[in-house]
Amino acid sequence: LECLIYLHFEHAGPHLCIFEGLHAHEWPFMQTFFSRLSIARKFLIIGAMVLIAMLIPTSLVVIDHAGAARQASTAAANLAPATQLLEIVRLSQQARGLSNGLLNGNASAAGDVAKALEATQTAFQKAERSLQEVGADDALLNPLRSLQSQISDLGSRVRARNIPAPESFATYTRIITEEMALLQKIVADTGLSLDDQPDTYALINGLFTSLPPLTEYLGQARGFSAGLLAKGSANDAERQRVAALHA
């Protein structure tokens, strides 16, 4: 095409030529129509056509940004239950270490154990409310409730001191492992793991996938060592386990 839109002047006045490659003489009706228009109306038509041409890409940009805003809003809402489950894992690890110290003879840890277990129950309640707010079904809610009940029962036995320290530590560890598995399920089911932005995807993956196992290794090392310090002695198997956890 030689041009899209241009004005040319003859003795009869200015004429509007649209798609010159088609040649105005091939469209006598259009040539007659535009030749009868005033300059103001010709420019008005040009302005309207330019406006239409601008509206199409502008609308696409607005729609794209609106979709991104909706996605960000959804992601923000879905972050709440995942971050609260991270807090449950942290508090469970803390309760495990304190309980191990208490059951190995550190009576002064009783108050701290009670506070840690109470905080854990509060975190479970917050996580359940957050899951309900994002419309989670029983596939997520039931495992969460089961874990809450399990750690509550374990805490009662620890405070009554009617459970051996190794059994308590092992039971806490099993519960924490199930909490981390539920965290992965929440991240997957709420769509957090499907983030299409490279920077935020790496952040979400690191925070909810890579970091929890690392903190669990550190938590086991800290909690097991706290029990040995409270007991004041360690056999060969216990020394080897501490060495493995700190390796």
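1. Focus on the side chain of Gln148
Point 1. Looking at the element boundaries, Gln148 is found in helix α4 (residues 138–160).
Point 2. Given a relative accessible area of 15%, Gln148 falls into the buried group.
Point 3. A distance of 3.1 Å separates polar atoms of two side chains, one belonging to Gln148 and the other to Gln121.
Point 4. When residues no more than four places from it in sequence are discounted, the contact partners of Gln148 are Gln121, Phe124, Gln125 and Glu128.

2. Comments concerning the packing of α4 against helix α5 (residues 165–189)
Point 1. For the pair α4 and α5, interaxial distance at closest approach is 10 Å and the crossing angle is 160°. Looking at the two axes, α4 sits roughly antiparallel to α5. Read as a crossing pair, α4 and α5 show a hand that is left-handed. Side by side, α4 and α5 meet where Ala139, Leu140, Pro143, Leu144, Leu147, Gln150, Ile151, Leu154, Gly155, Arg157 and Val158 of the first sit next to Glu167, Ser168, Thr171, Tyr172, Arg174, Ile175, Glu178, Glu179, Leu182, Lys185, Ile186 and Asp189 of the second.
Point 2. Residues that form the contact of α4 with α5 fall into these classes: 12 nonpolar, four polar and seven charged.

3. Looking at helix α3 (residues 110–133)
Point 1. Look at α3: 35 Å from first C-alpha to last across 24 residues, which is about the 34 Å you get at 1.5 Å a residue.
Point 2. Turning to α3, its buried residues number three or more, namely Val113, Ala116, Leu117, Thr120, Gln121, Ala123, Phe124, Ala127, Glu128, Ser130 and Leu131.

4. Section: unusual backbone geometry
Point 1. In this model, Arg161 sits at a positive phi of 60°, which is unusual for a non-glycine residue.
Point 2. Counting through the fold element by element, Arg161 comes out in the loop between α4 and α5.

5. Focus: the side chain of Ser99
Point 1. Checked against the element boundaries, Ser99 lands in helix α2 (residues 39–103).
Point 2. A distance of 2.7 Å separates the side chain of Ser99 from the backbone oxygen of Ala95, its partner in a polar contact.
Point 3. Within the structure, the side chain of Ser99 is placed 2.9 Å from the side chain of Tyr172, a separation counted as a polar contact.

6. As for the packing of aromatic side chains
Point 1. Counting across every chain of the model gives one aromatic pair.
Point 2. Taken together, a centroid distance of 5.7 Å and an interplanar angle of 75° make the contact between Phe169 and Phe224 edge-to-face. Highlighted residues: Phe169 in helix α5 and Phe224 in helix α6 (residues 198–231), separated in sequence by 55 residues. We note that Phe169, like Phe224, is buried.
Point 3. Sitting over the ring of Phe169, Arg96 keeps its end group 5.2 Å from the ring centre.

7. Comments concerning the pattern of salt bridges
Point 1. By the definition in use, this model includes eight salt bridges.
Point 2. Measuring nitrogen to oxygen at the nearest pair gives 2.8 Å for the salt bridge that ties Arg96 to Glu216. With Arg96 in helix α2 and Glu216 in helix α6, the pair connects residues that are 120 residues apart, well separated along the chain.
Point 3. Overall, Glu216 belongs to the buried group, its relative accessible area being 4%.

8. Structural notes on the environment of Asn106
Point 1. Mapped onto the elements, Asn106 comes out in the loop between α2 and α3.
Point 2. The partly exposed category is assigned to Asn106, whose relative accessible area is 30%.
Point 3. Separated by 123 residues in the primary sequence, Asn106 and Leu229 have C-alpha atoms spaced 8.9 Å apart.
Point 4. Sequence-distant contacts of Asn106, defined by excluding residues within four places in its chain, comprise Gly101 and Ala230.
Point 5. Looking at Asn106, its side chain comes within polar contact range of the side chain of Ser108, at 2.6 Å.

Rules behind the numbers
Residues numbered from 1 in each chain as written. Predicted model: local features only at pLDDT ≥ 70, side-chain atom pairs only at ≥ 80, totals over all residues. Heavy atoms only, no water. Helix = DSSP H or I, 4+ residues; strand = E, 2+ residues; numbered from the N terminus. Buried < 20%, exposed > 50% of the residue type's maximum accessible area, 1.4 Å probe, protein only. Polar contact = N/O pair within 3.5 Å; in protein donor to acceptor, adjacent residues only side chain to side chain. Contact = heavy atoms within 4.5 Å. Axes fitted to C-alpha atoms, helices over the stretch in contact; angles between N-to-C directions. Parallel < 35°, antiparallel > 145°, perpendicular 65-115°, else oblique. Left-handed = near helix turned anticlockwise from the far one by under 90°. Nonpolar A, V, L, I, M, F, W, Y, C, P; charged D, E, K, R; others polar. Expected span 1.5 Å × (residues − 1). Phe/Tyr/Trp six-rings, centres within 6.5 Å; stacked < 30°, edge-to-face > 60°. Lys NZ or Arg CZ within 6 Å of the ring centre and 35° of its normal. Salt bridge = Lys/Arg side-chain N within 4 Å of Asp/Glu carboxyl O.

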